[in-house]
Amino acid sequence: MELLSGGEMLVRSLHEEGVEYVYGYPGGSLLHVYDAFYKQSAVKHVLVRHEQAAAHMADGYARATGIPGVVMVTSGPGATNTITGIATAFTDSIPMIVISGQVMSHLVGDDAFQETDMMGISRPIVKHSFSIKDPREIPEVVKKAFYIATSGRPGPVVIDIPKDMTMPNERFEYTYPKKVKIRSYTPPQKGHSGQIRKAVEILLAGKRPVIYSGGGVVLGKASEQLRKLAKTLNYPVTQTLMGLGAYPGTDRQSLGMLGMHGSYESNMAMHHADVIICIGARFDDRVTNATSKFCPDAKLIHIDIDPSSISKTVDVDIPIVGPVDSVLNEMLEIIAELDAPDASALESWWKQIEEWRKRHGGHYDKNDTGLLKPQEAIEGLWEATNGQAYICSDVGQHQMFAAQYYKFDEPNKWINSGGLGTMGFGFPAAMGVKMNFPDEMVVCVTGEGSIQMNIQEMSTCLQYGIPVKIFCLNNGYLGMVRQWQDMNYEGRHSSSYMESLPDWTKLAESYGHVGINVEGKDQLASAMKDCFGKYKDRLVFVNVVVDPEEHVYPMQVPMGSMRDMWLSKTERT
Amino acid sequence: MRHIISILLENEPGALARVVGLFAQRSYNIETLTVAPTEDPTLSRMTITTTGPDRVIEQITKQLNKLIEVVKLVDLTEGAHVERELMLIKVKAAGAQRAEIKRTADIFRGQIVDVTANVYTIQLTGATDKLEAFIESIGPNCILETVRTGVSGIARGEKTLSL
């Protein structure tokens with residue numbers, strides 16, 4: 001049997017899990033592990049400029065592929081710098097493995113140099129965490145970590161490794177376990193058949209049905225089943241921010257996003273529905289508005305793999321706990337046996353929905369001054385990329401505009417921090433995607449606020465040749481903050497104006513990349529052409545100057561029902 | 001309403017912190033908590049008493065079940081069960097009071113486990129309300145110190161919480 005040190009076992013175990021890239025930053029407590037990296041070539045290490053970015057890179061990769069990304073950081077500040085990244089992944093149920101170094105076991109608790117209680121600090125934001133007490137545990141712990149991160153409702157797992165667990169001169173017999181069993185952890189494999197049948201009966205009896213689909217459909221790889229369900233029944237589909245793309249955004253049956261900045265037709269359809277099937281979503285407060293006024297006439301069916309999501313914020317009539325793909329497959333079989341839903345009721349429901357669609361349908365007023373509206377910029381990006389790009393968004397107005405106006409036709413292509421709302425997420429996430437899909441168009445849609453939260457990664461992009469496109473909607477303001485200040489604080493723009501912005505083109509160039517300024521409507525198309533044509537293999541920072549006055553609409557009125565919305569600065573439902 | 005949640009937990013470092021952390025981070029209430037290893041040294045048994053509306057209790061049990069180290073749990077208050085708490089209470093017992101306190105302890109089936117010229121230390125076991133009734137009978141003026149273990153509970157009959 002082979003003898004390996006703890007550090008070597010760790011790297012080898014990652015290789016056995018099929019890991020190609022590890023995103024990280026070395027430091028004292030992990031130097032033995034980094035030495036083990038150096039002596040092999042199967043697992044490559046990507047050196048970021050800030051550990052938070054390592055976590056977002058791993059996260060972006062996981063969102064695009066469903067495979068957990070791996071992060072490696074040293075103890076103390078290295079570990080704490082990943083916290084925002086771990087929380088981002090946790091909130092959106094993204095699989096991730098974070099390996100953090102720790103001071104020598106005998107120093108733990110002594111406030112040693114670069115010691116911090118990573119197990120304690122990360123506890124509320126991980127699915128699980130392990131602290132290595134014996135180097136011989138390493139292979140099994142890695143195996144368990146990947147199993148936990150990817151099964152059931154996915155999430156991040158931390159492995160904390162004291163330096164003395166990786167000593168190069170202490171070698172142990174190494175075998176990698178083929179599978180692991182955890183007696184206290186059995187994620188659901190299938191939904192309750194009786195409940196599924198009951199749900200189908202209620203769903204087919206609906207006269208005003210809506211499919212409300214979420215990120216669980218993307219994570220659970222059930223996009224095909226969702227499409228089949230919607231097509232078989234001719235029911236309208238609305239998707240959460242996390243779920244976009246699971247159902248094609250350009251399809252007639254797609255009503256777009258729902259919730260706070262959801263489309264008028266989505267929110268109206270939800271409010272007036274008599275049956276709603278929620279698939280892999282969680283009745284989040286950004287979706288429901290006031291839960292007491294939520295969809296008063298609707299019978300609710302809820303499919304989720306996590307029992308704690310059921311009836312957490314809104315009581316549901318038919319809960320089904322199970323993986324979305326298998327539950328939907330079972331539903332489709334039952335639907336095939338039963339009579340089709342009432343066609344004339346469905347026809348008048350669609351007629352009503354089309355009227356709503358006509359009333360607003362994503363309308364916005366364009367400027368005649370030549371100044372781009374952010375919506376127009378996103379539409380231009382959609383055209384330039386044929387709607388085929390991976391769009392990795394930061395957080396704010398640009399995120400909502402991208403969600404509303406970039407019509408995603410495929411799952412896993414819309415990558416954003418939906419639950420935690422982490423500014424600074426988009427750029428490193430895009431890097432993680434691009435490294436693993438070098439032939440695809442990968443765009444970070446951002447604002448001049450968000451991009452500065454991880455802008456140092458332009459250096460990493462230079463080192464590893466990661467030609468992502470940064471599409472920065474620059475309105476000179478923290479736009480979403482400004483919007484709330486306009487709407488709720490009589491326009492008092494407290495700390496939402498960013499003076500002293502850099503010259504973006506020069507900044508990009510100083511890192512060895514390309515910068516393009518878009519200062520008017522007429523420059524967008526040619527900038528896009530250069531970005532994806534002439535500079536196809538370069539990182540391009542496109543600074544798009546947009547109208548600072550623009551707000552994101554529709555916007556639900558706080559404490560109202562789904563249908564209570566502002567549709568523009570002057571128009572309310 | 002008050003609930004007694006009984007948990008079978010992996011006897012591993014950090015498991016207790018995860019349970020307690022869950023209650024803190026989600027603003028759930030803990031009234032009492034007891035934990036000790038079982039006959040199987042790999043497992044601990046924990047009893048938590050908590051109060052809250054049904055929706056919150058349901059979330060508590062679901063969120064606890066999500067913790068990897070939680071092997072099984074049961075809400076004992078959903079069925080017939082036995083609950084016990086142990087209290088050690090130190091009371092002033094001088095002069096004429098001594099006999100009266102001894103009598104009260106006897107009524108509650110308490111045992112005097114330590115005696116000085118002026119103080120009795122009484123051990124009392126029972127459900128929470130019995131301990132509280134005793135405290136009330138003795139009256140606040142003569143109580144010097146109390147220490148309680150918190151509730152341990154077990155289902156009546158043949159039902160067990162085991163692997």
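Residues numbered from 1 in each chain as written. Chains lettered and ligands numbered in written order. Predicted model: local features only at pLDDT ≥ 70, side-chain atom pairs only at ≥ 80, totals over all residues. Heavy atoms only, no water.

Trainee: How should I be thinking about the interface of chain A and chain B in this particular structure?
Mentor: Accessible area lost when the parts come together is the quantity often used to give the size of an interface. Contacts between the two partners involve 23 residues from chain A and, on the opposite side, 20 residues from chain B. In total, chain A and chain B occlude about 1,600 Å² of area from one another, counting both sides; carbon and sulfur atoms represent 46% of this. Counting the surface chain A buries against chain B, the share from its top three residues, Arg123(A), Arg183(A) and Ser184(A), is 38%. Across the chain A-chain B interface, the total number found is three salt bridges. (Contact = heavy atoms within 4.5 Å. Buried area = accessible area lost by both parts, 1.4 Å probe. Salt bridge = Lys/Arg side-chain N within 4 Å of Asp/Glu carboxyl O.)

Trainee: So what exactly am I meant to see when it comes to the environment of Leu229(A) here?
Mentor: All names here are of chain A. Tracing the chain through its elements places Leu229 in helix α10 (residues 223–233). With 74 residues separating them along the chain, Leu229 and Gly155 place their C-alpha atoms 27 Å apart. Excluding residues that lie within four positions of it along the chain, Leu229 makes contacts with Leu203, Ile211, Ile279, Leu328, Leu332 and Ile335. (Helix = DSSP H or I, 4+ residues; strand = E, 2+ residues; numbered from the N terminus.)

Trainee: How do you make sense of the environment of Trp382(A) when you look at a structure like this?
Mentor: Residues and elements named next belong to chain A. With respect to the helices, strands and loops of the structure, Trp382 is situated in helix α15 (residues 374–384). Between the C-alpha atom of Trp382 and that of Phe408, which follows or precedes it by 26 residues, the distance is 9.2 Å. Setting aside residues no more than four positions away along its own chain, Trp382 makes contact with Thr250, Gly387, Tyr405, Tyr406 and Lys407. For Trp382, the side chain forms a polar contact with the main-chain oxygen of Lys407, separated by 3.2 Å. (Polar contact = N/O pair within 3.5 Å; in protein donor to acceptor, adjacent residues only side chain to side chain.)

Trainee: Please clarify how the packing of aromatic side chains should be interpreted in this entry.
Mentor: Each aromatic ring pair is summarised here by two numbers: the centre-to-centre distance and the angle between the ring planes. All names here are of chain A. Tallying each qualifying case throughout the model produces 14 aromatic pairs over all chains. Between Trp504 and Phe541 the ring centres are 5.1 Å apart and the planes differ by 10°, which places this aromatic pair in the stacked class. Placement of the pair is Trp504 in helix α20 (residues 504–510) and Phe541 in strand β20 (residues 540–545), with a sequence separation of 37 residues. What makes Trp504 buried here is its relative accessible area of 4%. Following the ring pairs from residue to residue traces out a cluster consisting of Tyr212, Phe283 and Phe294. Positioned over the ring face of Trp350 is Arg252, at 4.7 Å from the centre of the ring. Over the ring of Tyr477 we find Arg482, and its NZ or CZ is 4.4 Å from the ring centre. (Phe/Tyr/Trp six-rings, centres within 6.5 Å; stacked < 30°, edge-to-face > 60°. Buried < 20%, exposed > 50% of the residue type's maximum accessible area, 1.4 Å probe, protein only. Lys NZ or Arg CZ within 6 Å of the ring centre and 35° of its normal.)

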